[in-house]
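Residues per chain are reported as follows:
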Amino acid sequence: CFAGVMFISVLWFAAGYSLTFSGDGAYIGNLDKLFLAGMNLDSVNPLASNLPESLFATYQMTFAVITCALIAGSVADRMRFSAFILFMIGWLFLVYVPSAHWVWGGGFLSTMGVMDFAGGIVVHLNAGIAGLVAAYVLGSRRGYGTENLAPYDLTMAAVGTGLLWVGWFGFNGGSALSASPRASMAILATHLAACSGAIAWMMMEWWSRRKPSMLGIVSGAIAGLGTITPASGFVLPWHGVVIGLTAGVLCFWACTWLKERLKYDDSLDVFGIHGVGGILGTVLTGVFAVGAFTVTKELPAGQQGLIEGNAGQVVTQIVGVGIALVWCAVMTWVILKVVDALVGLRVSLDHERMGLDITQHGESVHT
């Protein structure tokens, strides 16, 4: 994840920002902002004319970083570090940048009317689908299904969830691109969805396994957070509760029953939580979007979802999901195969048995 911060940040500065947020191409931006050319104290991007362009570029950079880093959770404990770095570089430019331009940079999905407030398609669907494809291409961890592969330290998982939960307010509220009523409504819907997702997951686990767990509660919270993301700036607080409850149930199902049936080893359930949550939330945006909330530069005034009488928005959302899903799946597979041919994707069985901390980095948590 630190490698993701380092490499993706520099690559975003070099070309990612320009290809995503400059130009009016339907499929990709241009190179007018290569190495942030022309950026000064007074410059603004037309897509965020009320902000300094340096702030807008930095904010959008954080989305690119977290999306690439999320995929690491699917391939933990078995992918070469060098392979993951090469994969992130290719994936940034071939998957993240195009889809972010399509949805947020004035590309064809935004002109089609696809609504994604803070990353249901761009972040969560993309990371989840890429994680699923990578899990299949790499294969399962040694001992998966026969050995106890529970988290090393649940305290770290709980602390990490707390950091994510608060940070999510910045992603979702910040996507209003202003300190405004819309930002505060997005934050409220986000918090309620996280709480509802945690409750639903806990109850599902309590019912099916007779014991509610800390890991289940934090998983449900993150499922709620990921699922509300595309809808957060378009819906009312009670919609956040409904979306969160739905996320807790369906993401729990995806991480248990569906995962067993599809027979893949996604170490941190990136697909089951982020991928399924991103797809679900993007579709539910077309159900719950309130017309008065959707007055933006990309969307016509008065656009609304199914419950306000516009069933066509659900269809638009599904089409957007399908296009992004297919592109991400195909390009992820291609990138993985190229990286495998260059350096090899997976560590040896002996290295996996010894642990990647030692074999890839020469260090461990406990010295």
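Quick summary incoming for the structure in this document. (Residues numbered from 1 in each chain as written. Predicted model: local features only at pLDDT ≥ 70, side-chain atom pairs only at ≥ 80, totals over all residues. Heavy atoms only, no water.)

### Some details on the environment of A37
Within the element layout of this structure, A37 appears in the loop between helix 1 (2-21) and helix 2 (53-70). Using a relative accessible area of 36% as the deciding quantity, one classes A37 as partly exposed. When the C-alpha atoms of A37 and L250 are compared, they prove to be 45 Å apart, with 213 residues separating the residues in sequence. (Helix = DSSP H or I, 4+ residues; strand = E, 2+ residues; numbered from the N terminus. Buried < 20%, exposed > 50% of the residue type's maximum accessible area, 1.4 Å probe, protein only.)

### As for a nonpolar patch on the surface
A contiguous nonpolar patch, built from L86, V326, V330, W333, V334, V338, L342 and V343 and spanning about 680 Å² of accessible area, is present on the exposed surface. The greatest single-element share of the nonpolar patch, amounting to seven residues, is contributed by helix 11 (residues 312-343). With respect to the secondary-structure elements, W333 resides in helix 11. With relative accessibility at 46%, the residue W333 sits in the partly exposed group. (Patch = residues over 30% accessible without salt bridge, like charges linked within 9 Å, V, L, I, M, F, W, Y side chains within 5 Å. Areas by Shrake-Rupley, 256 points an atom, 1.4 Å probe, with all protein chains shown as cover. Salt bridge = Lys/Arg side-chain N within 4 Å of Asp/Glu carboxyl O.)

### Quick word on the packing of helix 6 (residues 154-174) against helix 7 (residues 181-209)
Running from N to C, helix 6 and helix 7 cross one another at 140°; their axes reach a closest spacing of 8 Å. Here helix 7 runs oblique to helix 6, going by the angle between their axes. Between helix 6 and helix 7 lies a crossing of right-handed hand. For the pair formed by helix 6 and helix 7, the contact residues are W165, W168, F169, N172 and G173 on the first element and A183, A186, I187, T190, H191, A194 and C195 on the second. (Axes fitted to C-alpha atoms, helices over the stretch in contact; angles between N-to-C directions. Parallel < 35°, antiparallel > 145°, perpendicular 65-115°, else oblique. Left-handed = near helix turned anticlockwise from the far one by under 90°. Contact = heavy atoms within 4.5 Å.)

### Section: the pattern of salt bridges
For the structure on display, the rule yields nine salt bridges. Of the charged contacts, one joins K259 and D269 as a salt bridge, the two residues approaching to 2.8 Å between their closest N and O atoms. Here K259, found in helix 9 (residues 237-262), pairs with D269, found in the loop between helix 9 and helix 10 (270-288); they are ten residues apart in sequence, far enough to count as distant. The pair K259 / D269 is uniform in exposure class, with both members buried. Salt bridges linked by common partners bring D77, R141 and D265 together as one network.

### Section: the packing of aromatic side chains
Counting across every chain of the model gives 20 aromatic pairs. Aromatic side chains Y59 and F63 sit 5.1 Å apart centroid to centroid with 85° between the ring planes, which places their arrangement in the edge-to-face category. Here Y59 and its partner F63 are both found in helix 2, four residues apart, which amounts to about one turn of the helix. Where Y264 meets F271, the ring centres are 6.1 Å apart and the plane angle is 80°; that geometry is what we call edge-to-face. Y264 sits in the buried class, given a relative accessible area of 1%. Through successive ring pairs, a cluster of aromatic residues spans W12, Y17, F21, F56 and Y96. (Phe/Tyr/Trp six-rings, centres within 6.5 Å; stacked < 30°, edge-to-face > 60°.)

### Structural notes on helix 2
The end-to-end C-alpha separation of helix 2 is 26 Å, in line with the 26 Å expected for 18 residues at 1.5 Å each. Those residues of helix 2 lying buried are E53, F56, A57, Y59, Q60, F63, A64, V65, T67, C68, A69 and L70. In this fold, the buried residues of helix 2 make contact with helix 1, helix 3 (81-104), helix 5 (120-138), helix 6 and helix 10. (Expected span 1.5 Å × (residues − 1).)

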